[in-house]
Amino acid sequence: MPKDKTVYFCSSCGYESAKWMGQCPGCKEWNTFKEAPSDKGSKVRTSIKRGIESGAIVSVSSIETKKEERIKTNISELDRVLGGGIVWGSLTLIGGDPGIGKSTLLLQVCKSLADSNYEVLYVSGEESKEQIKLRADRIGKFKDNVRLYCETNLDDIAQVIEEKKPDVVVIDSIQTMYMDEVQSAPGSVSQVREATALLMKLAKGLGVSIFIVGHVTKDGNVAGPKMLEHMVDTVLYFEGERHDSYRVLRGVKNRFGSTNEIGVFEMCNSGLSEVGNPSEVLLSGRPTDASGCVVSCSMEGTRPIFIEIQALVTPTNFGIPRRQSTGVDYNRVNLLMAVLEKKIGLPFGNCDAYVNVTGGMKVSEPAVDMGLVIAIMSSFHNKVVSEDTVAFGEVGLSGEVRNVSQVEARVKEAVKLGFKKCYLPASAKKSVKDVKDIELIYVENIRDIRL
Ligand code: TYD
Ligand code: MG
């Protein structure tokens, strides 16, 4: 008799290992390894025979395409991130921290779709019917075509989907689902992988659009194998600070649209509400006469988003200066401070520096470099930058300010929001035409910035 083999897997991210380990190499969590029977050699993959028909070989030119139709959710922030609505038969993964509002968002999607007379099935493996009803009551009145199914056995769920053929299915969450054929525990790599494969086949085979909720690990990736993200059509991340009411939905992968778009929501008493003009919200309640604050502009897809950057530079009390950043890349801040030190001679060697993007936004576009530089300079010199100033441009290692994309769109939006002064790259001169009501200050090198 061969001995039953067991493996160890991380209960946080699903990393599999032949031996027990204290720290998971995958997600760096401690003490998360659990023993589970190995499912090597089980006939899982051949046992799944639902959905998509394995087709014959055809030539590309002979394939007839229907016009890509999309289901509008009527939540425009979500529709935009999805690339114009839900594609029929697509599989979308939504990841995010616990309590950020994934279930709330998807329940609202269900309500909105039901209001447009689509058949929706909400499958929950995490909460009871009563709990979901409590949440639904906060959101509003639901029509009868939103069906609720509390179940974790995916074979049963698949059967229900095949019988009822709803238009849209929500699976909350993939980590709680299990299949009988797979021996390991729910949430393990094999379970998550096979469950997703089955859902993929159902989606493609029946033309049902499926949303799946995925838990995230400590460092913010969807828990389980990276393969999960490869398998699905669209990956969205729902992020934001817990104590802040604003939430950002970000596309990370999208087979049917761009991944640059973001959707902004606010968590209210009656669920999530859309924030149509995030800049206005992010900039509200700004200090008017504080040094170290400046507004910068980051393009998120087609929309320019204005954010406030705050810097605080203070003399250090310890040997090693402290540097901290929230909302922007820490290394980018260090790099820009090194450029400032070398090119303008600001002595940061004995200064602590804290940089913060307000409103819980995370920005990664290099165009905010100039905003960071001006905020740091302003705090260092203790000079106030007037509140109607906006600054954008990429800063290079020799202090030069480089051009960024869509300058005109940014400037026009700045005018619309009432800004009076704009620092922008000198090389952008050509691309800005007939803008009124704003003073444009073209900067070639950060040496030229006069606060
Ligand atoms: P939830 O959707 O359960 O989060 P997830 O599924 O991502 O874990 O979000 C729940 C949080 O949202 C909870 O902290 C309560 C809050 N909330 C509101 O503030 N207003 C509301 O109307 C609802 C439904 C939830
Ligand atoms: Mg939830």
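Now for a description of the structure that goes with this document.

Reading the values: the criteria
- Residues numbered from 1 in each chain as written.
- Chains lettered and ligands numbered in written order.
- Predicted model: local features only at pLDDT ≥ 70, side-chain atom pairs only at ≥ 80, totals over all residues.
- Heavy atoms only, no water.
- Axes fitted to C-alpha atoms, helices over the stretch in contact; angles between N-to-C directions.
- Helix = DSSP H or I, 4+ residues; strand = E, 2+ residues; numbered from the N terminus.
- Parallel < 35°, antiparallel > 145°, perpendicular 65-115°, else oblique.
- Left-handed = near helix turned anticlockwise from the far one by under 90°.
- Contact = heavy atoms within 4.5 Å.
- Nonpolar A, V, L, I, M, F, W, Y, C, P; charged D, E, K, R; others polar.
- Buried < 20%, exposed > 50% of the residue type's maximum accessible area, 1.4 Å probe, protein only.
- Pairing = 2+ DSSP bridges.
- Right-handed = clockwise from strand over helix to strand, strands pointing away.
- Core = buried A, V, L, I, M, F, W, Y, C linked by side-chain atoms within 4.5 Å.
- Domains from an automatic or database assignment.
- Expected span 1.5 Å × (residues − 1).
- Phe/Tyr/Trp six-rings, centres within 6.5 Å; stacked < 30°, edge-to-face > 60°.
- Lys NZ or Arg CZ within 6 Å of the ring centre and 35° of its normal.
- Near = heavy atom within 4 Å.
- Polar contact = N/O pair within 3.5 Å; in protein donor to acceptor, adjacent residues only side chain to side chain.
- Areas by Shrake-Rupley, 256 points an atom, 1.4 Å probe, with all protein chains shown as cover.

Glancing now at the packing of helix 3 (residues 102-115) against helix 4 (residues 129-139). Contact geometry for helix 3 and helix 4: axes closest at 10 Å, N-to-C directions at 65°. One element, helix 3, and the other, helix 4, form an angle in the roughly perpendicular class. Judged by the twist between their axes, the crossing of helix 3 over helix 4 is right-handed. Between helix 3, through Ser-103, Thr-104, Leu-107, Gln-108 and Lys-111, and helix 4, the contact on the second element is made entirely by Ile-132, Arg-135, Ala-136 and Ile-139. Residues that form the contact of helix 3 with helix 4 fall into these classes: four nonpolar, three polar and two charged.

Turning our attention to the pairing of strand 18 (residues 351-357). Counting buried residues in strand 18 gives five out of seven residues, a clear majority hidden from the surface. Here strand 16 (residues 303-315) runs beside strand 18; their pairing, made up of seven bridges, is antiparallel. Within the sheet, the bridge partner assigned to Pro-315 lies in strand 18 and is Cys-351. Crossover handedness for the path strand 17 (residues 323-326) to helix 9 (residues 330-343) to strand 18: left-handed.

Strand order in this open sheet of seven strands is 17-18-16-15-19-22-23, and the pairing throughout is mixed. Strands with a single pairing partner mark the edges of an open sheet, and in this sheet they are strand 17 and strand 23 (439-443). Neighbouring strand axes in the sheet, compared pairwise and without regard to direction, differ in orientation by 25° on average. Against the sheet, helix 9 engages strand 17 and strand 18, with an angle of about 130° to strand 17. In this fold helix 11 (residues 407-416) packs onto strand 15 (293-300), strand 16, strand 19 (389-391), strand 22 (421-425) and strand 23, with an angle of close to 80° to the strand it touches most, strand 16.

Strand order in the open sheet formed by three strands is 2-1-3, with antiparallel pairing between adjacent strands. The sheet terminates laterally at strand 2 (16-17) and strand 3 (33-37), the two strands that pair on one side only. Two elements, strand 1 (residues 6-10) and strand 3, share five bridges in a ladder whose sense is antiparallel. Counterpart to Tyr-8 in the pairing with strand 3 is Glu-35.

Core analysis: the largest hydrophobic core is formed by 41 residues, its most contacted members being Ile-307 and Ile-449. Only strand 13 (262-268), strand 16, helix 9, strand 18 and helix 10 (369-381) provide two or more residues apiece to this core. In terms of residue count, the dominant contributor to this core is helix 10 (seven residues). When residues of this core are sorted by domain, at least three fall in each of domain 2 (70-276) and domain 3 (280-448). Grouped together as the second largest cluster of nonpolar side chains are 31 residues, Leu-82, Leu-107, Val-120 and Phe-238 included.

Another point: helix 3. The first and last C-alpha atoms of helix 3 sit 20 Å apart over 14 residues, in line with the 20 Å expected at 1.5 Å per residue. Buried residues dominate helix 3, accounting for 13 of its 14 residues.

Glancing now at the pairing of strand 12 (residues 246-254). Here strand 11 (residues 234-239) runs beside strand 12; their pairing, made up of six bridges, is antiparallel. Directly across from Leu-236, in strand 12, lies its bridge partner Gly-251. In this antiparallel pair of consecutive strands, strand 11 and strand 12, the connection spans six residues, and Gly-240 shows a positive phi of 150°. Where strand 12 lies against strand 13, five bridges are found, and the strand directions are antiparallel. Each residue of the ladder has a partner; that of Arg-250, found in strand 13, is Ile-262.

Position of Val-384 relative to the elements: it lies in the loop between helix 10 and strand 19. With residues up to four places along the chain from it excluded, the contact list for Val-384 reads Thr-288, Asp-289, Ala-290 and Ser-291.

For the rest of this paragraph, the subject is the packing of aromatic side chains. What the rule picks out here adds up to four aromatic pairs. Aromatic side chains Phe-348 and Phe-380 sit 5.4 Å apart centroid to centroid with 85° between the ring planes, which places their arrangement in the edge-to-face category. Of the two residues, Phe-348 is situated in the loop between helix 9 and strand 18 and Phe-380 in helix 10; the sequence distance between them amounts to 32 residues. Owing to a relative accessible area of 26%, Phe-380 belongs among the partly exposed residues under this scheme. The side chain of Arg-410 reaches across the aromatic face of Phe-392, ending 5.4 Å from its centre.

With that out of the way, let us pick up helix 10. End to end, helix 10 covers 18 Å across 13 residues, agreeing with the expected 18 Å (1.5 Å per residue, within 8%). Counted residue by residue, helix 10 has eleven buried out of 13 residues, so it is predominantly covered. Restricting attention to buried positions, one finds in helix 10 the residues Asp-369, Met-370, Gly-371, Leu-372, Val-373, Ile-374, Ala-375, Ile-376, Met-377, Ser-378 and Ser-379.

Around ligand 1, the surrounding shell holds 15 residues, and the nearest of these are Ser-103, Thr-104, Arg-135, Cys-268 and Gly-271. In this structure, Ile-100 approaches ligand 1 through a main-chain N or O atom, which is 3.4 Å from an oxygen atom. Here an oxygen atom of ligand 1 and a backbone polar atom of Lys-102 are 2.8 Å apart. Protein contact buries 76% of the 560 Å² of open area that ligand 1 shows by itself. Those elements that provide at least two residues to the shell around ligand 1 are helix 3, helix 4 and strand 13. Looking at the shell around ligand 1 element by element, the count peaks at three residues for helix 3. Among the residues forming the shell around ligand 1, the class breakdown is four nonpolar, seven polar and four charged.

Where helix 9 contacts helix 10, the two axes come as close as 10 Å, and the packing angle between them is 60°. Relative to helix 10, the element helix 9 lies oblique. Relative to helix 10, helix 9 is oriented so that their crossing is right-handed. Along the contact surface, helix 9 presents Arg-332, Leu-336, Met-337 and Leu-340, while helix 10 presents Asp-369, Leu-372, Val-373, Ile-376 and Met-377. Taken together, the residues of the contact of helix 9 with helix 10 break down into seven nonpolar, no polar and two charged.

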